[in-house]
Amino acid sequence: MRKFTIPSIPSSEITPEQLYQERRRFLRHSIETSLGLAALSLAPGLLAAELPPAGAAFADLGKSVHSSQDPLTPYEKVSRYNNFYEFGTDKSDPAYAAKNLVTNPWSLTISGEVAKPGTYTLEDILRPHALEERIYRLRCVEGWSMVIPWVGFPLADLLKRFQPTAKARYVAFETLHDPAQMPGQRDGFSLDWPYVEGLRLDEALHPLTLLAVGLYGKVLPNQNGAPIRLVVPWKYGFKSIKSLVKIHLSAQQPPTSWNKSAPNEYGFYANVNPAVDHPRWSQAKERRIGDFFKRETLPFNGYAAEVAGLYTGMDLRTFF
Ligand SMILES: Nc1nc2c(c(=O)[nH]1)N[C@H]1C(S)=C(S)[C@@H](COP(=O)(O)O)O[C@H]1N2
Ligand SMILES: [Mo]
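Residues numbered from 1 in each chain as written. Chains lettered and ligands numbered in written order. Predicted model: local features only at pLDDT ≥ 70, side-chain atom pairs only at ≥ 80, totals over all residues. Heavy atoms only, no water.

### Quick word on the sheet that holds strand 7 (residues 196-200)
Judged by pairing direction, the sheet is mixed, and its 5 strands sit side by side in the order 3-2-11-6-7 without closing on themselves. Of all the strands in the sheet, just strand 3 (118-121) and strand 7 have a single pairing partner and so form its edges. On average, each strand axis in the sheet is inclined to that of its neighbour by 20 degrees, with strand direction left out of account. Here strand 2 (residues 107-112) pairs with strand 11 (residues 244-250) via 4 bridges, running parallel. Following the sheet pairing, Thr109 is matched in strand 11 by Lys246. (Pairing = 2+ DSSP bridges. Helix = DSSP H or I, 4+ residues; strand = E, 2+ residues; numbered from the N terminus. Axes fitted to C-alpha atoms, helices over the stretch in contact; angles between N-to-C directions.)

Written out as structure tokens, the structure reads:
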């Protein structure tokens, strides 16, 4: 986020949603015919005991009532224009630098104020959860946005399984720390590693808060946070932490990476708010990747009706 460049992208690159729907039907058809029974075990209502292999499609995902109607940002942009500083600070770095990240096997530690702490394989984490497609707007604090069809399930469903104790008030998240695989963790600049994020427990339990394992109907590309990442659509994108290895419940508000790095620029709450400018640029507008003209940024990124109630009584001008 030190760098603030906005490439100009011709509007001709927008992929109409229809094209994606067509392609998805094709993918589902081809995977069912080529894998036969193996694919059938994933459908319908998809119990996600196993992820399909990289690049393969999920079958028959449920459609979420929480999906946005906005036209989708093309897959080619979603997967090649990324912020993932573990793999470099240029938008184009993660797509190639994350190519060989090992995401299988993967384990996730649930710790702190829960009745059932432990380290679990990704398969154990996913097994009971039905996956669905959720189309969300993603608004980066840098002033650009995308519309992404995620595949995932509510974080709330996972947290309830591990049973937060009465003391739990916050949830902390941690990305993999592995400098051998993550070149950005070897050059000392930018952030303290590992990347950490956090939510208040009620934010984490909100039905819009998603754990994503895929996008565009397929397993997450590594550069988008494989094999499992957080998505919090009403907050600036940096809250949506990638490649999770740890979820820790606590009584205290946890430190968060961008807030530690520049506390006057990035808050813990980081709710999308066009009325509170970043110290170095306005937040009133955003460029939707693929659009020529900027558009107005909406309070809570357009999710105010669902989430504004979480912040009743708080002064939103200061809780940036
Ligand atoms: N671990 C980690 N998570 C991260 C980041 C990062 O650098 N490291 N960047 C964040 C930022 S600033 C944004 S805008 C989103 C981008 O997600 P995307 O590349 O899937 O669009 O990821 C967020 N999650
Ligand atoms: Mo971002």
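### Side note on the site of ligand 1
Every one of the 19 residues lining ligand 1 counts as a neighbour, but Asn82, Tyr85, Glu86, Ser240 and Lys242 are closest to it. Within the side chain of Arg229, an N or O atom sits 2.9 Å from an oxygen atom of ligand 1. Within the complex, the protein chains bury 99% of what would otherwise be the 530 Å² of accessible surface of ligand 1. Residue classes in the shell around ligand 1 are distributed as 10 nonpolar, 6 polar and 3 charged. (Near = heavy atom within 4 Å. Polar contact = N/O pair within 3.5 Å; in protein donor to acceptor, adjacent residues only side chain to side chain. Areas by Shrake-Rupley, 256 points an atom, 1.4 Å probe, with all protein chains shown as cover. Nonpolar A, V, L, I, M, F, W, Y, C, P; charged D, E, K, R; others polar.)

### Remarks on the packing of aromatic side chains
Scanning all chains against the criterion turns up 13 aromatic pairs. Relative to Tyr216, the ring of Tyr75 has its centre 5.7 Å away and its plane inclined at 85 degrees; by these criteria the two rings are edge-to-face. Placement of the pair is Tyr75 in helix 3 (residues 75-78) and Tyr216 in the loop between strand 8 (210-215) and strand 9 (218-219), with a sequence separation of 141 residues. What makes Tyr216 buried here is its relative accessible area of 3%. Ring geometry for Tyr269 against Tyr311: centres 6.1 Å apart, planes inclined by 90 degrees, an arrangement best described as edge-to-face. With a gap of 42 residues between them, Tyr269 in the loop between helix 8 (257-261) and strand 12 (285-288) and Tyr311 in the segment after helix 9 (304-307) connect regions that are remote in the sequence. In this structure Tyr269 comes out as buried when scored by relative accessible area, which is 8%. Three or more aromatic residues link up through ring pairs in this structure, and these residues are Tyr170, Phe268, Tyr269, Phe300 and Tyr311. (Phe/Tyr/Trp six-rings, centres within 6.5 Å; stacked < 30°, edge-to-face > 60°. Buried < 20%, exposed > 50% of the residue type's maximum accessible area, 1.4 Å probe, protein only.)

### Topic: the environment of Lys116
For Lys116, the location among the structural elements is in the loop between strand 2 and strand 3. In sequence terms Lys116 and Phe162 are 46 residues apart; their C-alpha atoms lie 5.1 Å from each other.

These figures capture arrangement, not role.
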